[in-house]
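Letter by letter, the chains look like this.
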Amino acid sequence: MDMTHEWYVALSKSFGLFWLLGLSVAITAYAFWPSLGGRFDKAANSILDDEDGPAQPTSTKAEDKACR
Amino acid sequence: MLKTLLKPFARVFEFQAKTHYKMERHSMALTAGIILAAGVGGFVEIAPLFTIDDTVEDVADMRVYTPLEQAGRDIYIREGCYACHSQMIRTLRDEVERYGPYSLAVESKYDHPMLWGSKRTGPDLARVGDKYSDDWQVRHLINPRDLVPQSVMPQYAFLLETPLRTDDLPGRLDALRMVGVPYTDDMIANAANDALGQARPDGDRASGVLDRYGEATAVRAFDGQNDRLTEMDALVAYLQILGNLTDVAQNTQPMAEE
Amino acid sequence: MMSNLTSTERARAMLITGAGVLIGLTMAAVGRNDPMGAHGWIVLLFCGVLFFIVGQKLYDAEPVEDRSVSYYDDPTKIGILLALFWAVVAMGMGVWVASQLAWPDLRFDAAWSSFGRIRPVHTSGVIFGFGGNALIATSFHIMQRTSRARMPDQVSPWFVLLGFNLFCVVAASGYLIGITQSKEYAEPEWYADLWLVIVWVVYFVLYIRTLARRNEPHIYVANWYYLSFILVVAILHVVNNLAIPASFSGAKSYSAFSGVQDAMVQWWYGHNAVAFFLTTGFLGMLYYFLPKRAGRPIYSYRLSILSFWGIVFFYIWVGSHHLHYTALPQWVQTLGVTFSVMLLVPSWASAGNALMTLNGAWHKVRDDATLRFMMVAAVFYGLSTFEGSFMAIRPVNALSHYTDWTVGHVHSGAMGWVAMITFGSIYALTPVLWRRETMYSWKAVEWHFWLALSGTVIYVFAMWNSGITQGLMWRTYTESGTLRFSFVDTLIAMHPYYIARAFGGLLFFTGACICFWNVVMTIRRVPHHTPAIDYPTTSEAMEPAVPAAE
């Protein structure tokens, strides 16, 4: 019984570390994958004119809409 | 678990597979990623605690709550006492000197749920049992400011007027047995009688309590009224057992002068 | 609103509310000897009222609207109003509970009005009533806009919104009549918990279905945050609320866990409720409304992805820092500290990302109180995550735990971050949703901003002072080596801070009332304004927006 508990704890500690490292690498790779850059930029800009719908791809938004 | 969780969405999956599969991979991958990233962490941290022979001490003299004490515990929960009182003495010198030996895991082994608390607007209650007399507790609950003028605790005078409900006690003990508290059939069948007996030392039901829960069990009229069983009886009985279910803490940590 | 539903949808709504009435009736009958009976009547009343509202309009004319050309905003509107209603109720309760600590006579004599019973009404009311409704409403708005697609149907959003509010009503009324599990921030009993699971599953399916209809290849990051909120809250809720009811005719249930395991499960839940209810969802709000209001894209989209995964991954481990120096095994405590400190990185990445977005738009922050709400929210987010990591360190926690410092920390997060970003989003959203030119009164928004900010600052400073004072007094020794102060001594020292705290809360509450008034007046008085365009892309999605019955 004692063994099982220790075994579990050891597993938790080591697995947790590898999990952390693996996930960090995977996510960093995804976030900085060069070919995804364009998609991210497009997404970041997409919300700014989402009320116009994509019918007008190059929308000219009034600069000052502080009171809307 | 995952499979059952995802069952309701089977239609969504199917639908996607047929039609919009390519686009939909994104949201499902996202879902899976979130579940993995979050789920594994919690599991790895919590699961070992359930293989616990190591985590919780093995103690022979640990007893379960009597029906009256358990009813008192339920009232303690109902009134939200845990919002201001902790029941967990930490392993810090000043806490041990103020409240008594630090709390051990075994002492809350039968606490479903635990009431360790998170805030001490009032003092810790893990070892408040037998620290004050029944009479003090009753008067303090009726109006705390009669005894401690600076207290900000709410008054609970209505508990003394409210008769304790006992007909649901067997069901409560039975549910507790299902989650792991070792109540016997005998204890469950006699729960209502035992609650009454523990608060009536002269009655004929008192001896049953001692038989079932041990000779050391306190059998008294906790609220000072011998003729009726009130919620005050139950709450005071609970407060007086806090820290007294087992002596292991007192025996293993003889109040050392650090 | 009803006129936008087809007769099939109205019939479906009647069926659902009718089933609710039956459930309520059953609960009332079965639980007649138990507080659960009262809940039966509440469920009955709630569903009954909805049943009649729908029933009255059942045979009205069919809607003529073409659903493919507009977003479905009716549930969002009601959700915003409900969020503000709960804000006023729950923050009012907060002022009352705070005052009870300063002047205990305000407890009065009723059984239901004690601190222990109304405190969870305040906490649940703010977290679930105010925060939850705001999250649901804004998520409906954001998921449609960022997907450029309309929600797939018109019954499930109502089911999610109103079902969630039924849960909130059952929870809050339950505390007053003494129904609670005592698990902090998960107090509602078993039947309310089961109901929330159903609501949550529908919410998740609705979200995924809307995303499935999207006309954008990439899912905007705000949706990621909302999705993690929905998913992880579901996992947490199910695990922490595992319990056996004492009887099916009564409210009382006993947790499946006990003692040390229960403590770990509870704070795993408790801290991740902070993470996934009070952080990720609101970050979703931030990542949509802040760039939009500032008129600039988010500073670094990549950073927002990195911090998303960082938060999802790190947060889940940190719950054990609530249990330092207790009977919890040491290695779990250490794990909690480690991750709590690491959590600072993604948290500050998010806060920094938000503030960097404002670079070049600071003149707008100066002029526009709505944007200022969001900016201050990001600042408080950064501050309270730093404080949180700091308080998780064992020696600091030895001092801060069990004291008002924790309460102050929670409120710097809840008032400074969660409420501020919500109010900012509501001010940004109201004119858009109701097609109004502007808010009714910009002066009132300014007033609200300064009231909220000063209320938060007063509250947090009072709690820092009282918490550190109390923590130090508890551990002060005399020269002869005995404890210097009795517990009552510390209580006397707390009194002035408790008054200051109640005052800070009152300021904040006043601000919330002004906000509610301002939104209502905007709807009633400000002239209509039709935006040039606000419609989804012609949908290629497979699921038609108009039900098949049409």
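Residues numbered from 1 in each chain as written. Chains lettered and ligands numbered in written order. Predicted model: local features only at pLDDT ≥ 70, side-chain atom pairs only at ≥ 80, totals over all residues. Heavy atoms only, no water.

Under an unreviewed UniProt entry, chain C has the name cytochrome-c oxidase and belongs to Loktanella salsilacus. In its Catalytic activity (unreviewed entry) section, the UniProt entry covering chain C states "4 Fe(II)-[cytochrome c] + O2 + 8 H(+)(in) = 4 Fe(III)-[cytochrome c] + 2 H2O + 4 H(+)(out)". Here chain C is described in UniProt, under the heading Sequence similarities (unreviewed entry), as follows: "Belongs to the heme-copper respiratory oxidase family." (UniProt positions renumbered as here; feature names shortened; annotations may be inferred.)

For chain B, the name recorded in an unreviewed UniProt entry is Cytochrome c oxidase cbb3-type subunit 2, with Loktanella salsilacus as its organism.

Caption draft 1: Just the nonpolar core, in detail. In terms of nonpolar packing, the biggest core is built from 203 residues, with F164(C), F277(C), W417(C) and F423(C) touching the most fellow members. Among residues more than four places away in sequence, those in contact with F164(C) are F128(C), G132(C), N133(C), I136(C), F159(C), L196(C), V199(C), W200(C) and F277(C). Counting 55 residues, the second largest nonpolar core, distinct from the first, contains Y65(B), V128(B), A199(B) and V209(B). (Core = buried A, V, L, I, M, F, W, Y, C linked by side-chain atoms within 4.5 Å. Buried < 20%, exposed > 50% of the residue type's maximum accessible area, 1.4 Å probe, protein only. Contact = heavy atoms within 4.5 Å.)

Caption draft 2: Structural detail: helix 9 (residues 280-294) of chain C. Residue and element names in this part refer to chain C. A rise of 1.5 Å per residue sets the reference length of helix 9, with its 15 residues, at 21 Å; its end C-alpha atoms lie 21 Å apart and thus fit the reference within 8%. Most of helix 9 sits out of view: 15 of its 15 residues are buried. Just downstream of helix 9 lies G295, where phi reads positive at about 70°. (Helix = DSSP H or I, 4+ residues; strand = E, 2+ residues; numbered from the N terminus. Expected span 1.5 Å × (residues − 1).)

Caption draft 3: Main features of the interface of chain B and chain C. Between chain B and chain C, the contact holds 84 residues from the first and 99 residues from the second. When residues of chain B are sorted by the area they lose upon contact with chain C, E45(B), R90(B) and R98(B) head the list and together hold 9% of the total. Across the contact surface, chain B and chain C share four salt bridges. Salt-bridge contacts for R117(C) lead to E79(B); the nearest nitrogen and oxygen are separated by 2.6 Å. Run the count over chain B and chain C and you get 25 residue pairs in polar contact (both at pLDDT 80 or more). Breaking the side of chain B that touches chain C down by element, the ones donating at least two residues are helix 2 (10-18), helix 3 (21-46), helix 4 (67-78), helix 5 (93-99) and helix 9 (169-178) of chain B. (Buried area = accessible area lost by both parts, 1.4 Å probe. Salt bridge = Lys/Arg side-chain N within 4 Å of Asp/Glu carboxyl O. Polar contact = N/O pair within 3.5 Å; in protein donor to acceptor, adjacent residues only side chain to side chain.)

Caption draft 4: Quick peek at the domain arrangement of chain C. Residue and element names in this part refer to chain C. According to the domain assignment, chain C consists of domain 1 (1-56) and domain 2 (73-525). On a C-alpha basis, the centres of domain 1 and domain 2 stand 29 Å from each other. Counting residues at the interface gives 19 residues for domain 1 and 22 residues for domain 2. Between domain 1 and domain 2 lies a buried interface of about 1700 Å² when both sides are counted; carbon and sulfur atoms form 76% of it. When residues of domain 1 are sorted by the area they lose upon contact with domain 2, M1, H39 and F46 head the list and together hold 34% of the total. (Domains from an automatic or database assignment.)

Caption draft 5: View of the environment of L101(C). Tracing the chain through its elements places L101(C) in helix 3 (residues 74-102). The class of L101(C) is buried, set by a relative accessible area of 5%. Sequence-wise, L101(C) and R501(C) are 400 residues apart; in three dimensions their C-alpha atoms are separated by 9.9 Å. With residues near it in sequence (within four places) discarded, L101(C) still touches T121(B), V152(B), F115(C), Y498(C) and R501(C).

Caption draft 6: Highlighting the state of the cysteines. Within this structure, the stated rule accounts for zero disulfides over all chains. For C168(C), which is in no disulfide, the shortest distance to another cysteine sulfur is to C47(C) and amounts to 14 Å. (Disulfide = S-S within 2.5 Å.)

Caption draft 7: Local environment of the pattern of salt bridges. Per the counting criterion, the structure on display carries 32 salt bridges over all chains. Here E95(B) ties to R120(B) by a salt bridge, and the two come within 2.8 Å at their closest N and O atoms. Of this pair, E95(B) sits in helix 5 while R120(B) sits in the loop between helix 5 and helix 6 (134-142), placing them 25 residues apart in sequence. Assessed through its relative accessible area of 3%, E95(B) is described here as buried. When salt bridges that share partners are traced, they join D74(B), R165(B), D167(B), D168(B), R172(B), D34(C) and K252(C) into one network.

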